[in-house]
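# Structural characterization, general
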Amino acid sequence: MNWEMNSVLNSVKFHSLEKWKYEEVKHLCKELNLYELRPVEALHGIPAKSVSLRHSSGVHLVYSGDTMPNEQLIKRGFDCDILIHEATFQQKDIAQKSYHSTVEDAIDVSERMKAKHTILTNFVNEDLSQQTRELLLSKSNVTVAVDFMRVRMSDLPYTPLLNPFLIHR
Ligand SMILES: [Zn+2]
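Let me sum up the structure you'll find in this document. (Residues numbered from 1 in each chain as written. Predicted model: local features only at pLDDT ≥ 70, side-chain atom pairs only at ≥ 80, totals over all residues.)

### Comments concerning unusual backbone geometry
Heads up, the condition is: The helix and strand labels rest on DSSP assignments: H or I over at least four residues marks a helix, E over at least two residues marks a strand, and numbering proceeds from the N terminus.
In this structure, asparagine 122 is a non-glycine residue whose phi angle is positive, near 60°. Mapped onto the fold, asparagine 122 is located in the loop between β5 (117-121) and α6 (130-138). Look at phenylalanine 148: it is not a glycine, yet its phi comes out positive at around 70°. Within the secondary structure layout, phenylalanine 148 lies in the loop between β6 (142-144) and α7 (163-166).

Next comes the structure, spelled out in structure tokens:
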């Protein structure tokens, strides 16, 4: 499978879903070979969207954007192939105050969603507790993203093997 999720993410990032008109969404779906693009209202301090995308190859990708754990997203993304979820803060109280998710939150969402692969974004490699580190290293289907990382579908079974090198002591 040659489809690169980067192309989808770039398109999503630079559009405000609120302003999308039907024709634009239709055009985007055609350009990217998507047969479904569904925004989900994020749980964030400012208006924000998560999105569920289904590609004509059959791949179902869910992108959280900035959000706290969201039941609606779990429903919409159930059984997805790839969940890209933010994991901005390590401490639960700080994450909740700023409407973000912790690593534990993101992994919990991914397990309840039964996502086949999960990529954690906004990941800040600072002050990781031993518990969080061990949780991350115990997951064979969770990948820690770094800036400018590009991943192909066929890489996903192997990218978690990078985690020990991306999670500093
Ligand atoms: Zn935000």
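Next comes the rest of the account.
### What to know about the pairing of strand β2 (residues 49-55)
We count it as follows: As a rule, residues whose C-beta atom has 12 or fewer other C-beta atoms within 10 Å are exposed, those with 20 or more are buried, and those in between are partly exposed; C-beta atoms are placed from the backbone. When DSSP finds two or more bridges between two strands, those strands count as paired.
For β2, a buried count of 6 out of 7 residues is recorded, marking the element as mostly surrounded by other parts of the structure. Where strand β1 (residues 34-41) lies against β2, 7 bridges are found, and the strand directions are antiparallel. What sits directly across from arginine 38, in β2, is serine 52. In terms of strand pairing, β2 meets strand β3 (residues 60-63) through 4 bridges, oriented antiparallel. Each residue of the ladder has a partner; that of arginine 54, found in β3, is histidine 60. The turn linking β2 back onto β3 is made up of 4 residues, and glycine 58 within it adopts a positive phi angle of 105°.

### Looking at the sheet that holds β5
Here is the rule we go by: In this analysis an axis means a line fitted to C-alpha atoms, helices contributing only their contacting stretch, and an angle means the value between N-to-C directions, from 0 to 180 degrees.
Reading across the sheet, the 6 strands line up as β1-β2-β3-β4-β5-β6 and stay open at both edges, with mixed pairing between neighbours. Two strands lie at the open edges of the sheet, namely β1 and β6, each paired on one side alone. Adjacent strand axes in the sheet meet at a mean angle of 15°, parallel and antiparallel pairs treated alike. Strand direction decides the pairing type here: β5 and β6, joined by 3 bridges, are parallel. Looking across to β6, one finds that leucine 120 is bridged to valine 144.

### A short note on the environment of tyrosine 99
Threshold: Residues are treated as contacting if the C-beta atoms built from their backbones sit within 7 Å of each other.
Mapped onto the fold, tyrosine 99 is located in the loop between α4 (92-97) and α5 (103-113). Placed 31 residues apart in sequence, tyrosine 99 and methionine 68 show a C-alpha to C-alpha distance of 5.2 Å. Not counting residues within four places of it along the chain, the set of residues in contact with tyrosine 99 comprises Leu43, His44, Gly45 and Met68.

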